[in-house]
Amino acid sequence: VDQNDTVIGTIGVCNMENGLGYLRKMFVKPAYRGSKVGLSKALLEVLLDWCLQQGFKRIYLETTKEFVAAKKFYEKNGFEEIDRSEWPPSFPIIRVAKYFFVRRLR
């Protein structure tokens, strides 16, 4: 939240099964995006630290072709692009997903 208690960024993870997580709902208000502010990276670091403490082994996420900046952000922050066939079968997939990623934590 900012100094006025307005939400400026969120991030969430679903604990799916056997130490596997599914990153969902990462949003940052446009005025707070970019490496100069660093809010996206800070949110992701908090999430990954929490996931390590909870015993997660891998975090998966998917994104659409329209979110070019998001794709670059995840690649820059240690997520590896994987083929859709490597996606855990029990995980949901958003209908418009184009890119699939995993981040190994252990």
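Residue positions are given per chain, counting from 1 as you read along its sequence in written order. Whole-chain, interface and lining totals are the exception, using all residues; otherwise, since this is a predicted model, local features are given only for residues with pLDDT of at least 70 and side-chain atom pairs are given and counted only at 80 or more. Side-chain metrics in this entry use all non-hydrogen atoms of the structure; hydrogen atoms and water are not considered.

## Things to note about helix H2 (residues 68-76)
We apply this condition: Three exposure classes are used, based on accessible area relative to the maximum for each residue type with a 1.4 Å probe and protein chains only: buried under 20%, partly exposed in between, and exposed over 50%. To qualify as a helix, a DSSP run of H or I must reach at least 4 residues; to qualify as a strand, a run of E must reach at least 2; elements of each kind are numbered from the N terminus. What the arc describes is the spread of directions from the helix axis to the C-beta atoms. Only heavy atoms enter the contact rule, under which two residues are in contact if any of them lie within 4.5 Å.
Buried residues of H2: Lys71, Phe73 and Tyr74, and no others. Buried residues in H2, looked at end-on, bunch into an arc of 160°, giving them a common side. Exposed and oriented more than 90 degrees from the buried face of H2 are Ala69, Lys72 and Lys76. Of the surrounding elements, those touching the buried residues of H2 are strand S2 (20-28), helix H1 (39-53), strand S3 (58-63), strand S4 (80-82) and strand S5 (99-104). Immediately downstream of H2, the backbone of Gly78 shows phi near 90°, a positive value.

## A look at the nonpolar core
As a reminder, the rule being used: For this analysis, a nonpolar core means a set of buried residues of the types Ala, Val, Leu, Ile, Met, Phe, Trp, Tyr and Cys, connected via side-chain atoms within 4.5 Å.
Within the largest apolar cluster, 19 residues are counted, with the highest numbers of intra-cluster contacts made by Leu23, Leu44, Ile59, Tyr74 and Phe79. If you list the elements that add at least two residues to this core, you get S2, H1, S3, H2 and S5. In contact with Leu23, not counting residues within four places along its chain, are Ile11, Gly12, Val13, Leu44, Leu47, Ile59, Tyr60, Leu61, Tyr74 and Phe79. Grouped together as the second largest cluster of nonpolar side chains are nine residues, Leu20, Tyr60, Phe91 and Ala97 included.

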